[in-house]
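# Coordinate analysis (summary)
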Amino acid sequence: MKKQTRYANHAKAFAPQQNWGPAISRVAPAMLLTFLLAACPKANPPAPAPTPLPSPSPTPTPLPQTYVPYSRMETAKLFNGLEIRSKVATTEGSLAVLERKIPEAYTLELNVDVRVPQAAQTMDQLAVGDPLLGTVLPGLKDQLSTSRVSNFYHGLYRLKVEAVHRDLTRLEQMVSRHNFFDCNTILELQDRKSSRKALVIQSDMDVNGDGSDADRSSDVDGSTANFQPYTSYRWLKRTNKASQFIPEKEERLKQLESEYDAKSTTPERKRIVKDQIQELERELNDLKKYSFLISKADPFIVLPGFMFRQPAEPFTPKLGDIAVVIFQGKLYPALVGDAGPSYKIGEASLRICKQIDPRSNAYNRPASDLNVTYLVFPGSAEEPPGPPDLQKLHNRCSALLHEIGGYSGELFAWQDILATPSPSPSPSLSPSASASASTSATASGTPVPSPTVRSGSTP
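Summarised in this report is the structure supplied together with it. (Residues numbered from 1 in each chain as written. Predicted model: local features only at pLDDT ≥ 70, side-chain atom pairs only at ≥ 80, totals over all residues. Heavy atoms only, no water.)

A tally of regular secondary structure across the protein gives 14 helices and 13 strands. In the protein, which comprises 459 residues, the share counted as buried stands at 37%. The long-range share in the protein, meaning contacts at least 24 apart out of those at least 6 apart in sequence, stands at 76%. (Helix = DSSP H or I, 4+ residues; strand = E, 2+ residues; numbered from the N terminus. Buried < 20%, exposed > 50% of the residue type's maximum accessible area, 1.4 Å probe, protein only. Contact = heavy atoms within 4.5 Å.)

What follows covers the environment of P387. Here P387 is to be found in the loop between β12 (367–377) and α13 (390–402). Of the residues examined, P387 reaches a relative accessible area of 29% and is grouped as partly exposed. With 94 residues separating them along the chain, P387 and L293 place their C-alpha atoms 7.0 Å apart. Leave out the neighbours within four places in its chain, and P387 touches R216, W235 and R238.

For the coordinates displayed, the defined rule picks out 21 salt bridges. Between D215 and K237 there is a salt bridge, and its shortest N-O distance comes to 2.8 Å. Of this pair, D215 sits in the loop between β5 (197–208) and β6 (234–236) while K237 is found in the loop between β6 and α9 (246–261), placing the two residues 22 residues apart along the sequence. Its relative accessible area of 18% is what places K237 among the buried residues. Residue D298 is joined to R216 by a salt bridge in which the shortest nitrogen-to-oxygen separation is 2.7 Å. With D298 in the loop between β7 (290–292) and β8 (300–304) and R216 in the loop between β5 and β6, this pair connects stretches of sequence that are 82 residues apart. Exposure remark for R216: the relative accessible area of 23% places this residue in the partly exposed category. Shared partners join several salt bridges into a network, and the residues in it are D213, R216 and D298. (Salt bridge = Lys/Arg side-chain N within 4 Å of Asp/Glu carboxyl O.)

Next up on the list: the nonpolar core. Counting 75 residues, the largest nonpolar core has L137, M205, I301, V325, I352, L375 and L401 as the members making the most contacts within it. Residue contacts for M205: discarding those within four places in its chain leaves V325, G346, A348, I352, C353, I356, R365, P366, A367, V372 and Y374. Grouped together as the second largest cluster of nonpolar side chains are 18 residues, Y230, F245, F292 and A297 included. (Core = buried A, V, L, I, M, F, W, Y, C linked by side-chain atoms within 4.5 Å.)

Interpretation in functional terms is not warranted from these geometric data alone.
Here's what the structure looks like:
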């Protein structure tokens, strides 16, 4: 039975189908869909990227068939404003084996062409720098007719040219264009009526941040690169307060002495170290013995060091002389307080600079143009030297200005920012005791020598 059943099933499977309708109905949609898809146009495939053509080889420059002269000029400018014009030029020579032995066959000629400016001497010429100067100093115009260009002016520019020549092999260290043309005039004038003499200097204004005085303040910032705790104008210390800059210099002195005594130090190095030791010893002696002007507190100006080293003449300035700085119609009392490099002019203390431009600092000058006038009154320094009395300085400036024809506008009144308020008098202190104390304090003042020009301040 099982075998018959299996055969029957096989026969049934291969038997002809009587009804094909359902099967066709299932297959027809699929075939139709295939036909429709085959009949639809196919989307074009993306075009292949074009194959880049090889870059054509540059046409080589034809080689010369004989000697061809060469000449080319270039212009460049250094950071200090110095414009350099270079030229390479050739001429035909002899054999290389011979030219190598001739120095003139391969040379560099360095020529510096400088226009030394003429000094301003008339009111119109001075007004180019400061149009208000004739108004501020109404008597100046008449006095200029008898004034003369100072030898200091010609000496200053001679020193500038010498500085340029000295640094020819170090172009980046040469005097900058700004500092070469930093002086418009130095005039010597004398009032006909009072015979008062004055130097009239027209320049720009850089910042001097030097000086310290432990007697008056220990709040002095010595962090700037070129800071020095001294000024050329100085006086004997009046207290036992030590300078804040002594410990650092004493430590440096110990290091140098150890280096000098070391067996490994060469003789050449010993000579250098010995000079440094002597310089540090002088600086330490000055800091322990003297007080100096303070840039942020005292109004003072700086003059080139060579001006103080000239023979004593009627117009030769001295440290401590009275000066007046004139800028944009205002007048600022000042002292001649420091000696600077001999080939530069136009510098004032931070106190003056910040009054002119509050943004002033050691790296930001208040006046870049030649629009600042400095009046210096030779022979006006008072003895003995000491810390500036700003009220007295104001009065002296006013009197000296009237001796050269007067002034109009504001003569600025400085306030002593280092002054400590006086304590209220004790009720038990009698007038006679107070007078006695005042007399004693005055009598105890120690006379001091005349101030000297700071060593190392000039090139």
